[in-house]
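What follows is the residue order along each chain.
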Amino acid sequence: MNSFTYARAADVIDAVQQGTRVHAKYLGGGTNLVDLMRETLEQPSALVDVSGLSSDITEREDGSLLIGAAARNTAVAEHRAVRTRYPLLARAILAGASGQIRNMATVGGNLLQRTRCTYFYDNDGSRCNKRTPGQGCDAIQGFNRIHAILGASPSCVATHPSDMCVALAALDALVHVTGLDGSRTIAVVDLHRLPGDHPEIETNLRPGELITAVELPALPFAQRSVYRKVRDRASYAFALISVAAALDLDHGIVKDVRLALGGVAHKPWRALKLEASLKGQPATTQSFLAAVEEELADATPLPHNKFKVELAKRTVVAVLAELAGDIS
Amino acid sequence: MSININGSPTNLPSDTRVSLLDLLRDHLNLSGTKKGCNQGACGACTVLVDGERILSCLALAVQYEGRSVTTVEGLSTNGLLHPLQQAFIDHDGFQCGYCTPGQLCSAVGMLREVRRGLPSNVTNDLEGESITLTRDELCERMSGNLCRCGAYNGIVYAITEFAETTK
Ligand SMILES: Cc1cc2nc3c(=O)[nH]c(=O)nc-3n(C[C@H](O)[C@H](O)[C@H](O)COP(=O)(O)OP(=O)(O)OC[C@H]3O[C@@H](n4cnc5c(N)ncnc54)[C@H](O)[C@@H]3O)c2cc1C
Ligand code: SF4
Ligand code: FES
Ligand code: FES
């Protein structure tokens, strides 16, 4: 690990002033960053600890919920309003990592955690465009079982590993950020980027921008929502495929639906085609299957991850059927 | 710059790179806490910070300035084993013992989480007020602690017995 200075941010302004300096990095719980620094994949010269900034979870008058970026993953999953109003988010968080890691990890850090592509981590042994732009990507010809089936590019086929972000994408969450030029909000679905020619640029944040909070808009039908994660072992493993969904039915007809997929792309994948095609349709297995086939029509699996296409279809259909209750 | 370790105020190292795990083992000779993977994947380095379980390998010591850390050495009092340690002995909750300090600290933190009603991935009713510590709940909540010897059966019995006697 290279050497670095460490300072706790007193407030948002102080954090941004320190964090916009060259080679500075924000530090949340450290569960991803400390590991990446140890692997020399990140080499900041200054760490600005923002884990002491707002971790408040506030129910607002317009029905939205505001979650301070320093809220620990455990605290978010434990919060009454999250458990009752946004169960898919509580479930997504509880399906991730381990009890110890969830106690340390912050919302801000979870949003910006980096891929688990093994070639990215294999600093000395493999080529990786994300680590060293222009070098090539050893995953494309290699063991790519865990890699992307949607939105990938010839430069990079990595996936975003977060469970929490999949639920946030389904909920149309907004990310509040502050930089030297002031504050703005970004839809979480626009926070992360597809790899394109620049997989090393992972988000649409400007240099030094600090995430201060995540806002969950009111969504009454999310009270009935599900997160299902399929993985190689039943606990403490990243997703192969995951699905976050909420379904609003009116006499067996889909009035509204929200669905996002994890484990399939460089960002949490909001299934907008599926949503559009399902609205107004009867809540049947057939219409669920037709909608997910439309969503995955452009899937381009790699040699080792063809199974993900079928797995995604089955998981989506199963989740929607669960939300619809007993259907034929 | 000070951190409290098992009740004693301790100076933090000036080198910001030192992990909480290395501070414990290499600087303070508290070698009970183990380094298994050093990357968050095994749980052998689990300690309690203000009663909450965390992984000391993914923690920089400086992040925990002013906080109170309890390691396995701090679980016993006046040379008397913590009842959970005794339960691990009674139920053969280990073979080589390498994962044990992490299992013990993790279980102590986990039971606090259960008592305050924190749900887990296998909790059916997210809205419930209290948690019943079934075998499934226990295994899910302890899944961040691997045991390469596979002493899981004994570990589950030991924690179950301890949880029942301290309800
Ligand atoms: C063994 C293991 C298993 C895991 N399994 C899962 C899993 O199954 N599912 C899952 O979703 N995750 C999993 N994780 C990842 C874990 O969820 C992340 O490491 C964690 O959420 C990161 O949060 P943190 O606060 O520790 O971030 P940090 O490590 O502190 O930071 C991560 C990144 O975010 C930036 N950052 C932090 N806070 C802010 C902010 N406020 N504004 C701007 N930038 C910020 C940092 O600069 C850094 O680049 C696992 C991790 C480990 C080690
Ligand atoms: S998939 Fe992306 S992260 Fe993985 S080796 Fe290729 S370029 Fe690197
Ligand atoms: S040594 Fe910390 S989790 Fe393995
Ligand atoms: S007792 Fe040997 S690793 Fe658990």
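Residues numbered from 1 in each chain as written. Chains lettered and ligands numbered in written order. Predicted model: local features only at pLDDT ≥ 70, side-chain atom pairs only at ≥ 80, totals over all residues. Heavy atoms only, no water.

Considerations on the overall build of chain B
Here is step 1: The helix and strand tally for chain B stands at 5 helices and 5 strands.
Here is step 2: Listed by position from the N terminus, the elements making up chain B come as β-β-α-β-β-β-α-α-α-α.
Here is step 3: The globule rule puts the C-alpha radius of gyration for 167 residues at 15 Å, and the 16 Å found for chain B is close to it.
Here is step 4: Each principal axis of the C-alpha atoms in chain B carries an extent, and together these give about 45 × 35 × 30 Å.
Here is step 5: Taking all 167 residues of chain B together, the buried fraction comes to 53%.
Here is step 6: Within chain B, residue pairs in contact and separated by at least 24 positions form 56% of the contacts whose partners lie at least 6 positions apart.
Here is step 7: Accessible surface, chain B as shown: approximately 7,500 Å² in total, 47% of it carbon and sulfur. (Helix = DSSP H or I, 4+ residues; strand = E, 2+ residues; numbered from the N terminus. Rg over C-alpha atoms; globule rule 2.2 N^0.38 Å. Buried < 20%, exposed > 50% of the residue type's maximum accessible area, 1.4 Å probe, protein only. Contact = heavy atoms within 4.5 Å. Areas by Shrake-Rupley, 256 points an atom, 1.4 Å probe, with all protein chains shown as cover.)

Points about the sheet that holds strand E3 (residues 46-49) of chain A
All names here are of chain A.
Here is step 1: The parallel open sheet is built from 3 strands, whose spatial order is E1-E3-E2. Because the sheet does not close on itself, it has two edges, and the strands there are strand E1 (5-8) and strand E2 (24-27). Sheet twist, expressed as the average angle between the axes of neighbouring strands with direction ignored, equals 25 degrees.
Here is step 2: With 4 bridges connecting them, E2 and E3 associate as parallel partners. Within the sheet, the bridge partner assigned to Tyr26 lies in E3 and is Val48. (Pairing = 2+ DSSP bridges. Axes fitted to C-alpha atoms, helices over the stretch in contact; angles between N-to-C directions.)

Points about the domain arrangement of chain B
Residue and element names in this part refer to chain B.
Here is step 1: Domain annotation for chain B reports domain 1 (2-74) and domain 2 (83-165).
Here is step 2: The C-alpha-based centres of domain 1 and domain 2 are spaced at 21 Å.
Here is step 3: In this assembly, 18 residues from domain 1 lie in contact with 18 residues from domain 2.
Here is step 4: For the pair domain 1 and domain 2, the summed buried area comes to about 1,300 Å², and 51% of that belongs to carbon and sulfur atoms. (Domains from an automatic or database assignment. Buried area = accessible area lost by both parts, 1.4 Å probe.)

What to know about the side chain of A:Arg114
Residue and element names in this part refer to chain A.
Here is step 1: With respect to the helices, strands and loops of the structure, Arg114 is situated in the loop between helix H7 (107-111) and helix H8 (118-121).
Here is step 2: According to the relative accessible area criterion, Arg114 is buried, its value standing at 12%.
Here is step 3: Dropping the residues within four chain positions of it, Arg114 is found in contact with Asn32, Leu36, Leu41, Glu42, Phe120, Lys130, Pro161 and Glu202.

Regarding the packing of aromatic side chains
Each aromatic ring pair is specified by the distance between its two centres and by the angle formed by the two planes.
Residues and elements named next belong to chain A.
Here is step 1: Following the criterion strictly, the structure yields 1 aromatic pair over all chains and no others.
Here is step 2: The interplanar angle of 85 degrees and the centroid separation of 5.8 Å between the aromatic rings of Phe120 and Tyr121 together place this pair among those described as edge-to-face. Here Phe120 matches Tyr121 in class, with each residue buried. (Phe/Tyr/Trp six-rings, centres within 6.5 Å; stacked < 30°, edge-to-face > 60°.)

So, the pattern of salt bridges
It is possible for side chains bearing opposite charge to pair when their charged atoms get close.
Residues and elements named next belong to chain A.
Here is step 1: As enumerated under the stated definition, the model contains 29 salt bridges over all chains in all.
Here is step 2: Glu202 is the partner of Lys130 in a salt bridge, and the nearest nitrogen-oxygen pair spans 3.0 Å. A residue pair is termed long-range when its members are at least 10 positions apart, and Lys130 in the loop between H8 and helix H9 (164-170) and Glu202 in the loop between helix H10 (188-191) and strand E8 (210-216) qualify at 72 residues.
Here is step 3: Between Glu275 and Arg270 there is a salt bridge, with the nearest N and O atoms lying 2.7 Å from each other.
Here is step 4: Through salt bridges with shared partners, a single network forms among Lys25, Glu42, Arg114, Lys130 and Glu202. (Salt bridge = Lys/Arg side-chain N within 4 Å of Asp/Glu carboxyl O.)

Quick word on the sheet that holds strand E10 (residues 241-250) of chain A
Here is step 1: Spatial strand order, E9-E10-E11-E12 (chain A): 4 strands in an open sheet with antiparallel pairing. What marks the edges here is a single partner per strand, and that holds for strand E9 (225-230) and strand E12 (269-270) of chain A.

Observations concerning the interface of chain A and chain B
Here is step 1: Contacts between chain A and chain B engage 38 residues on the former and 41 residues on the latter.
Here is step 2: Note on chain A versus chain B: buried area summed over both sides is about 3,200 Å², and carbon and sulfur give 48% of it.
Here is step 3: Contact with chain B buries area across many residues of chain A, yet A:Arg91, A:Gln100 and A:Tyr236 alone supply 20% of it, more than any other trio.
Here is step 4: The residue A:Arg80 makes a salt bridge to B:Glu129 at a minimum N-O spacing of 3.8 Å.
Here is step 5: Inspection of the region where chain A meets chain B yields 25 residue pairs in polar contact (both at pLDDT 80 or more).
Here is step 6: Put simply, the parts of the chain that give the side of chain A that touches chain B at least two residues each are E1, helix H2 (33-38), E3, helix H3 (73-78), helix H4 (80-85), helix H5 (87-94) and helix H6 (99-104) of chain A.
Here is step 7: Sorting elements by how many residues they give to the side of chain A that touches chain B places H6(A) first, with 5 residues.
Here is step 8: In terms of residue class, the side of chain A that touches chain B is made up of 14 nonpolar, 13 polar and 11 charged. (Polar contact = N/O pair within 3.5 Å; in protein donor to acceptor, adjacent residues only side chain to side chain. Nonpolar A, V, L, I, M, F, W, Y, C, P; charged D, E, K, R; others polar.)

Concerning a nonpolar patch on the surface
Residue and element names in this part refer to chain B.
Here is step 1: A cluster of nonpolar side chains, namely Leu81, Ile89 and Phe94, defines an oily patch on the protein surface of about 240 Å² accessible area.
Here is step 2: The topology assignment puts Ile89 in helix H2 (residues 83-90).
Here is step 3: On the accessibility criterion, Ile89 (41% relative accessible area) is partly exposed. (Patch = residues over 30% accessible without salt bridge, like charges linked within 9 Å, V, L, I, M, F, W, Y side chains within 5 Å.)

Some words on unusual backbone geometry
Here is step 1: Even without being glycine, A:Ala97 reaches a positive phi, approximately 50 degrees.
Here is step 2: With respect to the secondary-structure elements, A:Ala97 resides in the loop between H5 and H6.
Here is step 3: Phi angles above zero are rare outside glycine, and B:Asn38 is one such case at about 60 degrees.
Here is step 4: Along the chain, B:Asn38 turns up in the loop between helix H1 (20-27) and strand E3 (46-49).
Here is step 5: Its relative accessible area of 18% is what places B:Asn38 among the buried residues.

Re the site of ligand 2
Here is step 1: Close to ligand 2 lie 14 residues, the nearest being A:Cys117, A:Cys128, A:Cys137, A:Cys156 and A:Val157.
Here is step 2: In the shell around ligand 2, the residues fall into 9 nonpolar, 3 polar and 2 charged. (Near = heavy atom within 4 Å.)

Here's the deal with the domain arrangement of chain A
Here is step 1: The domains assigned to chain A are domain 1 (5-51) and domain 2 (228-327).
Here is step 2: One C-alpha centre belongs to domain 1 of chain A, the other to domain 2 of chain A, and the line joining them spans 36 Å.

Focus: the site of ligand 1
Here is step 1: Around ligand 1, a shell composed of 36 residues is seen, among which A:Tyr26, A:Thr31, A:Leu33, A:Thr106 and A:Asp163 lie nearest.
Here is step 2: In this structure, ligand 1 is bordered by residues of chains A and B.
Here is step 3: Backbone polar atom of A:Gly29 to an oxygen atom of ligand 1: 2.7 Å apart, as the coordinates give it.
Here is step 4: Mapped by element, the contributors of at least two residues to the shell around ligand 1 are E2, H7 and E8 of chain A.
Here is step 5: For the shell around ligand 1, the per-class residue count stands at 16 nonpolar, 15 polar and 5 charged.

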